[in-house]
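Examining the three-dimensional arrangement
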Amino acid sequence: MNDILNMWNDMLNNAIINDDEQRAAERRQAKREAADNNGTNLLNAMMNNDLVRVKESGVPGVVACNFTRKAFYKGAWDAQTVRARGLFLDKNTGAVVARGYDKFFNVGQSGAPATIRDLATEATREAQDSERYNVTLRKKYNGFLAIVSAINGNLTFLSKSGITAYSREAERILRAQIGDAGCERLRRVLADNNLSATFECISKRDPHMVYYTKDEMIFLDFIHNAPDYDPVPLDTAFTVIRAVDPLMPVAESKTLAYWWMWENATDLANIITRMADRASCEHSEGYVISYGDGRMAKIKTDWYTRAKWLRPMVQNAILRDNYEPGKRESAEITRMRTLLMDAGVLSHDYAEHMGMLVEDVTGDAITLDYPEWLRVNRDVLDVSGYFTGGDNS
């Protein structure tokens with residue numbers, strides 16, 4: 001087993017040594033090493049930022065850093081708030097012991113390109129001027145983020161806040177999925193290389209919009225435990241995680257290579273738009289796009305956006321027996337409430353009879369399996385024309 005683990009560790013190291021951007025990788029390595037000696041500066045910066053919440057994580061000696069609601073609603077993004085999204089620091093040294101992703105945004109939001117065409121223009125400029133040729137689209141799965149790291153030698157499961165009901169659910173699912181032996185292999189890879197592993201956790205007890213048939217942990221990335229977001233290249237990461245467990249599901253991805261698949265911004269925008277339209281027809285959430293010098297943006301499908309608009313009204317009716325329009329409710333949602341009530345699918349009794357009420361992850365509440373509700377009532381929704389409508393904001 002040690003020989004196999006050494007082979008994986010060599011693979012992770014060679015992913016840096018053999019990368020086309022070797023010099024950039026060496027600079028990142030030097031930056032990580034410098035950060036190891038300046039962890040207290042990072043911790044102090046987080047603690048002194050009023051827009052960052054630093055609290056106990058549930059892991060002894062480790063604090064969790066997350067941006068506040070005020071930062072989110074005001075769009076107050078700076079060097080600390082962008083990083084403070086599931087960032088875990090040793091409370092004594094300030095060293096990063098686990099981390100997720102820097103905050104990134106949907107296309108159309110402040111902090112991201114305004115349109116797909118604008119994103120394609122930026123990516124084309126990067127390809128032509130800086131020789132950053134690839135644009136990668138990864139399927140956006142509709143669960144919650146789980147972060148796994150080896151903290152003090154122990155395999156530790158975290159949600160963005162730390163040890164929570166959600167992190168325990170992620171641990172339950174992954175241990176059932178890959179077993180104790182697979183978890184030990186994962187622990188060794190993370191401990192030997194000072195990495196965190198990120199997963200999208202799909203749980204029937206935490207339903208969102210997209211319908212899934214089973215609980216599952218889907219691998220996303222290996223990320224260096226460092227202040228700056230620095231992931232292992234995808235091809236190497238996927239090879240190593242499949243060595244941890246041959247059946248490990250990984251996020252579907254497609255790399256669009258400059259000149260081979262697109263030559264200008266129009267080509268790239270058309271490809272991305274077609275992929276987003278197809279994902280919408282498949283009732284998926286969308287894509288995460290990586291391009292340029294590591295920039296990331298999200299594209300949400302039209303279907304997902306409209307399903308999300310509809311959900312509060314459906315949940316209020318079924319879970320709270322509340323059929324009153326909200327203050328900012330659109331005329332279309334009001335129309336849908338009437339239509340769905342007439343169809344007899346908007347009541348607690350209906351959802352209970354159909355087996356759509358489930359215990360949530362915390363075990364303290366009953367929630368609606370909204371993806372199942374959407375699936376069962378697809379004909380009613382199709383006839384209503386709701387998912388082919390226009391703006392509903």
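Model, not experiment: these values are computed from the prediction.

**Notes on empty space enclosed by the protein**
- One pass over the full model with this rule turns up two cavities of 30 Å³ or more.
- If you trace the largest cavity, you find it lined by Asn142, Gly143, Ile202, Ser203, Lys204, Asp206, Pro207, His208, Val210, Tyr212, Asp369 and Pro371.
- Residue composition of the lining of the largest cavity, grouped by class: five nonpolar, four polar and three charged.

**Some remarks on the pairing of strand β12 (residues 286-291)**
- Across the six residues that make up β12, a large majority, five, are buried.
- Where strand β6 (residues 134-140) meets β12, five bridges bridge the pair, whose relative direction is antiparallel. When the sheet's bridge partners are listed, Lys140 is paired in β12 with Gly286.
- In the sheet, β12 pairs with strand β13 (residues 295-300) via six bridges, with the strands oriented antiparallel. Among the inter-strand pairings, Tyr291 is bridged to a residue of β13, identified as Arg295.

**Some remarks on the layout of surface pockets**
- Put simply, the second largest pocket is a space of about 1700 Å³.
- In terms of lining residues, the second largest pocket is bounded by 44 residues, among which Arg85, Lys103, Lys160, Lys298 and Lys308 are the most central.
- Of all the secondary structure elements, the ones that give two or more residues to the lining of the second largest pocket are β2 (62-67), α4 (69-74), β6, β7 (144-151), β10 (216-224), β13 and α10 (302-320).
- Sort the elements by how many residues they give to the lining of the second largest pocket and α10 lands first, with five residues.
- A breakdown of the residues in the lining of the second largest pocket according to their chemical character gives 17 nonpolar, eleven polar and 16 charged.

**Looking at the sheet that holds β2**
- Reading across the sheet, the four strands line up as β1-β2-β3-β4 and stay open at both edges, with antiparallel pairing between neighbours. Lying at the two open borders of the sheet, with one neighbouring strand each, are β1 (52-56) and β4 (96-99). Each strand axis lies, on average, 25° off the axis of its neighbour in the sheet, ignoring direction.
- Where strand β3 (residues 85-90) lies against β4, three bridges are found, and the strand directions are antiparallel. In the sheet register, Phe88 faces β4, and the bridge partner there is Ala98.

**With respect to the confidence of the model for the chain**
- Across the chain, the average pLDDT comes to 91, with 89% of residues at or above 70.
- The model gives residues 16-20 a pLDDT under 50, and that stretch makes six contacts with residues more than four places away or in other chains.

**Overview of the nonpolar core**
- In this structure, Leu310, Val314, Leu340, Tyr370 and Trp373 are the most contacted members of the largest nonpolar core, which totals 46 residues.
- Counting residues per element, the ones that place at least two in this core are β2, β4, β7, β10, α10, α11 (331-343), α12 (348-353) and α13 (370-376).
- With eight residues, α10 is the single largest residue contributor to this core.
- Grouped together as the second largest cluster of nonpolar side chains are 29 residues, Ala146, Phe157, Leu195 and Phe199 included.

**Some thoughts on α10**
- Relative to the 27 Å expected for 19 residues at 1.5 Å per residue, α10 spans 27 Å between its end C-alpha atoms, a close match to the ideal helical length.
- Arg311 marks the point of greatest bend in α10, at about 35°, and the proline Pro312 comes within the next four residues.
- The complete set of buried residues in α10 reads Trp303, Tyr304, Arg306, Ala307, Leu310, Arg311, Met313, Val314, Gln315, Ala317 and Ile318.
- In the segment just after α10, Asp321 is the residue with positive phi, at about 55°.

**A closer look at the environment of Leu339**
- Relative to the helices and strands, Leu339 resides in helix α11.
- Sequence separation between Leu339 and Val380 is 41 residues, and the spatial gap between their C-alpha atoms is 8.9 Å.
- Discounting chain neighbours no more than four positions away, the residues touching Leu339 are Val380 and Ser384.

**Thoughts on the sheet that holds strand β11 (residues 253-257)**
- The five strands are arranged β5-β13-β12-β6-β11 in an open sheet whose pairing can be described as mixed. Of all strands in the sheet, those bounded by a partner on one side alone are β5 (105-106) and β11.

What counts and what doesn't
- Residues numbered from 1 in each chain as written.
- Predicted model: local features only at pLDDT ≥ 70, side-chain atom pairs only at ≥ 80, totals over all residues.
- Heavy atoms only, no water.
- 1 Å grid on protein atoms, 1.4 Å probe; cavity = no way out; pocket = protein on both sides within 12 Å on 5 of 7 lines; lining within 4 Å.
- Points joined across faces, edges and corners; volume = space filled by probe spheres on them.
- Nonpolar A, V, L, I, M, F, W, Y, C, P; charged D, E, K, R; others polar.
- Buried < 20%, exposed > 50% of the residue type's maximum accessible area, 1.4 Å probe, protein only.
- Helix = DSSP H or I, 4+ residues; strand = E, 2+ residues; numbered from the N terminus.
- Pairing = 2+ DSSP bridges.
- Axes fitted to C-alpha atoms, helices over the stretch in contact; angles between N-to-C directions.
- pLDDT = per-residue confidence, 0-100.
- Contact = heavy atoms within 4.5 Å.
- Core = buried A, V, L, I, M, F, W, Y, C linked by side-chain atoms within 4.5 Å.
- Expected span 1.5 Å × (residues − 1).
- Bend = angle between axes of the 7 residues up to and from the residue.

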